[in-house]
Amino acid sequence: MIQANSQAVPAADRGLAYGDGLFETIRMSGQKALLRQHHLRRMASDAARLGIPADVDDLDRELTRAARRLGPPDDNHSWILKLILTRGNGGRGYRPPQNPEPHLIASSATLPPLPGPEGVVARCSSFPLTVNPKLAGIKTLNRLQQVMASREFTGAEWELIMKDGADHLVEGTRTNLIARLGDCWVTPPASSVAVAGVMRQYVMERLVLAGETVLERPLPADLAAREDLRGFYLLNSVFGVVAVRSFEGADLPVDGTLATICGPIETLE
């Protein structure tokens with residue numbers, strides 16, 4: 001059985017030693033977790049891919065306990081709950097224990113400033129993103145590539161977009177990507193991204209329900225020059241849908257189509 005705690009991580013924890021684990025960053029409104037079931041299902045599914053035992057019901061119960069312990073008394077106050085699931089303690093060496101006893105570590109943070117509807121500035125990072133297909137999409141504790149890319153922030157941009165070895169736009173340091181090209185919505189395939197975000201999944205579901213065409217295809221590096229580009233968006237479960245108004249120095253069209261289809265992030269279940 002997994003129990004959440006916010007105590008110091010033991011030196012023998014494999015999450016600390018090897019990045020052997022995964023995490024969820026959840027936007028909270030009082031005791032309400034936005035996109036709750038999306039987060040829980042992803043954590044349980046990705047834990048299974050890593051061979052870390054984690055039951056959805058256990059995670060659900062511990063999320064509630066952590067929110068009560070760490071959350072503010074104001075039911076309307078927005079904040080961030082972070083859940084880190086590791087394989088637990090292990091001896092020296094990479095080989096994991098046959099019967100791991102996972103650790104679930106909970107912490108809270110204030111909600112960061114949210115971008116406005118006018119859109120944000122983004123540019124490409126020079127640090128490439130390499131995705132192991134066996135680990136594609138999993139929000140593992142190993143985020144060193146994103147850390148290195150984030151060193152390039154100058155303060156002039158809101159997000160840095162990382163490219164793969166084929167010069168395709170893959171994802172931001174903290175966001176997934178989706179573009180409206182003509183009458184279609186295009187997002188990089190889940191097999192190509194380091195993190196298949198819950199907001200990405202939610203947006204794709206909402207678009208399909210609205211009768212829109214959604215394609216999982218690579219996004220070209222010259223996206224801003226495409227004549228059929230009708231919008232470029234960054235997706236994140238904390239910020240929601242964020243329109244890009246300037247990419248690589250080029251002005252992009254901005255409208256509220258995607259935000260309207262998905263609804264305000266504060267209302268997401």
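Residues numbered from 1 in each chain as written. Predicted model: local features only at pLDDT ≥ 70, side-chain atom pairs only at ≥ 80, totals over all residues. Heavy atoms only, no water.

**Examining the packing of helix α2 (residues 36-50) against helix α3 (residues 56-70)**
Each pair of packed helices can be summarised by the angle the axes make with each other and by the distance between the axes.
Here is step 1 of the chain: Across the interface, α2 lies against α3 with an axial gap of 9 Å and an inter-helix angle of 130°. The angle between α2 and α3 places the two elements in the oblique class. Of the two elements, α2 crosses α3, and the hand of that crossing is right-handed. On the side of α2, the interface is formed by R36, Q37, L40, M43 and A44, while α3 contributes V56, L59, D60, L63 and T64.
Here is step 2 of the chain: When grouped by side-chain class, the residues that make up the contact of α2 with α3 number six nonpolar, two polar and two charged. (Axes fitted to C-alpha atoms, helices over the stretch in contact; angles between N-to-C directions. Helix = DSSP H or I, 4+ residues; strand = E, 2+ residues; numbered from the N terminus. Parallel < 35°, antiparallel > 145°, perpendicular 65-115°, else oblique. Left-handed = near helix turned anticlockwise from the far one by under 90°. Contact = heavy atoms within 4.5 Å. Nonpolar A, V, L, I, M, F, W, Y, C, P; charged D, E, K, R; others polar.)

**Some thoughts on the environment of G88**
Here is step 1 of the chain: Within the element layout of this structure, G88 appears in the loop between β4 (78-86) and β5 (103-110).
Here is step 2 of the chain: Taking relative accessible area as the criterion, G88 reaches 0% and is therefore assigned buried.
Here is step 3 of the chain: For the pair G88 and A12, spaced 76 residues apart in the sequence, the C-alpha separation amounts to 8.0 Å.
Here is step 4 of the chain: Each residue touching G88, except ones within four places of it in the same chain, is listed here: A12, D13, R14, E101, P102 and H103. (Buried < 20%, exposed > 50% of the residue type's maximum accessible area, 1.4 Å probe, protein only.)

**Focus on the environment of L169**
Here is step 1 of the chain: Along the polypeptide, L169 turns up in strand β8 (residues 168-172).
Here is step 2 of the chain: You can call L169 buried: its relative accessible area is 1%.
Here is step 3 of the chain: Sequence spacing of L169 and A48 is 121 residues, and the spatial spacing of their C-alpha atoms is 28 Å.
Here is step 4 of the chain: Apart from the residues lying within four places of it in its own chain, the contact partners of L169 are C124, I161, M162, K163, L177, P188, L219, P220, A221, L223, F232 and F247.

**Topic: the pairing of strand β9 (residues 176-181)**
Here is step 1 of the chain: With respect to burial, β9 is a largely interior element, six of its six residues being buried.
Here is step 2 of the chain: Burial of β9 is two-sided: the residues N176, I178 and R180 facing one way and the residues L177, A179 and L181 facing the other way are all buried.
Here is step 3 of the chain: As consecutive antiparallel partners, β9 and strand β10 (residues 184-187) are separated by two residues, and within that stretch G182 has a phi angle of approximately 65°, a positive value. (Pairing = 2+ DSSP bridges.)

**Overview of unusual backbone geometry**
Here is step 1 of the chain: Even without a glycine there, the phi angle at D167 is positive, about 70°.
Here is step 2 of the chain: Its place among the elements puts D167 in the loop between β7 (159-163) and β8.
Here is step 3 of the chain: On the accessibility criterion, D167 (40% relative accessible area) is partly exposed.
Here is step 4 of the chain: Phi at E248 takes a positive value of approximately 55°, unusual for a residue other than glycine.
Here is step 5 of the chain: Counting through the fold element by element, E248 comes out in the loop between β14 (240-247) and β15 (250-251).

**With respect to the pairing of strand β2 (residues 21-29)**
Here is step 1 of the chain: The buried fraction of β2 amounts to eight of the nine residues, a majority that puts the element mostly inside the structure.
Here is step 2 of the chain: Alignment of β2 against β4, held across nine bridges, turns out to be antiparallel. Of the residues in β4, the one forming a bridge with M28 is W79.
Here is step 3 of the chain: Across two bridges, the pairing between β2 and strand β3 (residues 32-33) is antiparallel. In the strand pairing of β3, S29 is matched with K32.
Here is step 4 of the chain: What sits between the antiparallel neighbours β2 and β3 is a turn of two residues, in which G30 has the positive phi angle 65°.

**Comments concerning the packing of aromatic side chains**
Here is step 1 of the chain: Applying the stated criterion across every chain, the model contains four aromatic pairs.
Here is step 2 of the chain: Ring plane angle 70° and centroid distance 5.1 Å describe the contact between Y18 and Y94, whose orientation is recorded as edge-to-face. Separated by 76 residues along the polypeptide, Y18 in helix α1 (residues 14-18) and Y94 in the loop between β4 and β5 bring together distant segments of the chain.
Here is step 3 of the chain: Looking at Y18, the relative accessible area reads 32%, which means it is partly exposed.
Here is step 4 of the chain: Ring geometry for W158 and F239: centres 5.0 Å apart, planes at 80°, overall edge-to-face. Residue W158 is located in the loop between α4 (144-150) and β7, and its partner F239 is located in the loop between β13 (229-236) and β14; the two are separated by 81 residues in the primary sequence.
Here is step 5 of the chain: On the accessibility criterion, F239 (12% relative accessible area) is buried.
Here is step 6 of the chain: Taking NZ or CZ as reference, K82 lies 4.7 Å from the ring centre of F23, over its face.
Here is step 7 of the chain: Lying over the aromatic face of W158, R174 brings its terminal NZ or CZ to 4.1 Å of the ring centre. (Phe/Tyr/Trp six-rings, centres within 6.5 Å; stacked < 30°, edge-to-face > 60°. Lys NZ or Arg CZ within 6 Å of the ring centre and 35° of its normal.)

**Structural notes on the packing of α2 against helix α5 (residues 198-209)**
Here is step 1 of the chain: In contact at an axis separation of 10 Å, α2 and α5 are set at 120° when each is read in the N-to-C sense. Relative to α5, the element α2 lies oblique. Handedness of the crossing formed by α2 with α5: right-handed. When α2 is examined against α5, the residues H38, H39 and R42 are found in contact with a partner set consisting of V198, Q201, Y202 and E205.
Here is step 2 of the chain: Classifying every residue of the contact of α2 with α5 gives two nonpolar, three polar and two charged.

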